[in-house]
Amino acid sequence: MLRIAIAIFLLSFALPAQATEAGWALLRNGGHVVLLRNAMTTGTVEPPNFDIEKCATQLNLSERGRQQARKIGALFAARAAPVEKVLASRYCRTLETARLAFDDQKVEPMPALDKPTEATAEADVAAVMDIIRSYSGSDNIVLVTHLENIQALTGTSAREGEALIVGLQGDKLHVLGRIVF
C-alpha cells in the first residue's frame, strides 16, 4: 500500500513535465493556437475603482509575474516555438505579460479577450472562436487572456502563466497540450 501511495505521489510531479514537453513538441511545428493566462499578479480580486484605462486601478503583475512573463518568452525562443502574432486582453496585466514575453511589435490589444461580463460573454467567445477558426498561419498565435475566458472557451482551468495549446474538434475547442511555466 505504501508503494502505491509513493508511486502516485511521484507520478503527480512527472505528469506536468510530460504535458509540458508534449506541448513544446506541438509548438515547434507551428500552426497552433495558444491560450495563455496572464502571469502572476499582486492579488486575486479587481479593485472596486477599476478602470481599464488606468493600470493603477487594476490588479497588476507582481515582480514574480514579470519574471515569469520574461521566462515564457525566453522559453518560446529557446524551444524554437515560432510566434506569428500575439493578441491580448486590454487589461494591464495581460498586455504586460504579452509585451514582456514576446516582441512588443507583435502584441495587439483585443477587447474580446477582456474579462467577460454577463452582457459581453457570448459575443466575446464567438469573436475568439472566429479568430481560432480562421487562423491558418504556419507559426503559432498566442492569445493572452484571463481564467474566465479560458474556462468559457475550453471548459477547463489554467494557472497564472500557464499555456493551453488548443485545436478545434467540431465546433468545440479541445486542449491538445499544456505548458506550465
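All of the points below concern the structure found in this document. Just so you know, these numbers come straight off a predicted model, no measurement behind them.

## Let's talk about the sheet that holds strand β2 (residues 83-88)
What holds strands together in a sheet is hydrogen bonding between their backbones, with the strands either parallel or antiparallel. An order of β3-β2-β4-β1-β5-β6 is seen for the six strands of this open sheet, with the pairing classed as mixed. One side of each edge strand has no neighbouring strand; the edge strands of this open sheet are β3 (107-109) and β6 (172-179). Taking the axes of each pair of neighbouring strands and ignoring which way they run, one obtains an average angle of 30° across the sheet. Looking at chain direction, strand β1 (residues 33-37) and strand β5 (residues 163-169) are connected through four bridges and run antiparallel. Bridge assignment links Val 34 to a residue of β5, and that residue is Ile 165.

## Points about the packing of aromatic side chains
Summed over the entire model, instances satisfying the criterion amount to five aromatic pairs. Ring pairs connect the aromatic residues Trp 24, Phe 76, Phe 102 and Phe 181, which therefore count as one cluster.

## Notes on the state of the cysteines
Two cysteines joined by a covalent bond between their sulfur atoms form a disulfide. Tallied over the full model, the rule gives one disulfide. Each disulfide pairs two cysteine sulfurs, and for Cys 55 the partner residue is Cys 92, the sulfurs being separated by 1.9 Å. Measuring handedness by torsion sign, the sulfur bridge of Cys 55 and Cys 92 sits at about -85° and is left-handed. Taken together, the positions of Cys 55 in the loop between β1 and α2 (63-78) and Cys 92 in helix α3 (residues 92-101) put the pair 37 residues apart, joining distant regions of the chain.

## Details of the packing of α2 against α3
Look at α2 against α3: their axes get within 7 Å of each other, and the N-to-C directions meet at 45°. What the angle tells us is that α2 and α3 run oblique. Seen from above, α2 lies across α3 with right-handed handedness. Side by side, α2 and α3 meet where Arg 66, Ala 69, Arg 70, Ile 72 and Gly 73 of the first sit next to Glu 96, Thr 97, Leu 100 and Ala 101 of the second. Of the residues contributing to the contact of α2 with α3, the split by class is four nonpolar, two polar and three charged.

The rules we used
Residues numbered from 1 in each chain as written. Predicted model: local features only at pLDDT ≥ 70, side-chain atom pairs only at ≥ 80, totals over all residues. Heavy atoms only, no water. Pairing = 2+ DSSP bridges. Helix = DSSP H or I, 4+ residues; strand = E, 2+ residues; numbered from the N terminus. Axes fitted to C-alpha atoms, helices over the stretch in contact; angles between N-to-C directions. Phe/Tyr/Trp six-rings, centres within 6.5 Å; stacked < 30°, edge-to-face > 60°. Disulfide = S-S within 2.5 Å. Parallel < 35°, antiparallel > 145°, perpendicular 65-115°, else oblique. Left-handed = near helix turned anticlockwise from the far one by under 90°. Contact = heavy atoms within 4.5 Å. Nonpolar A, V, L, I, M, F, W, Y, C, P; charged D, E, K, R; others polar.

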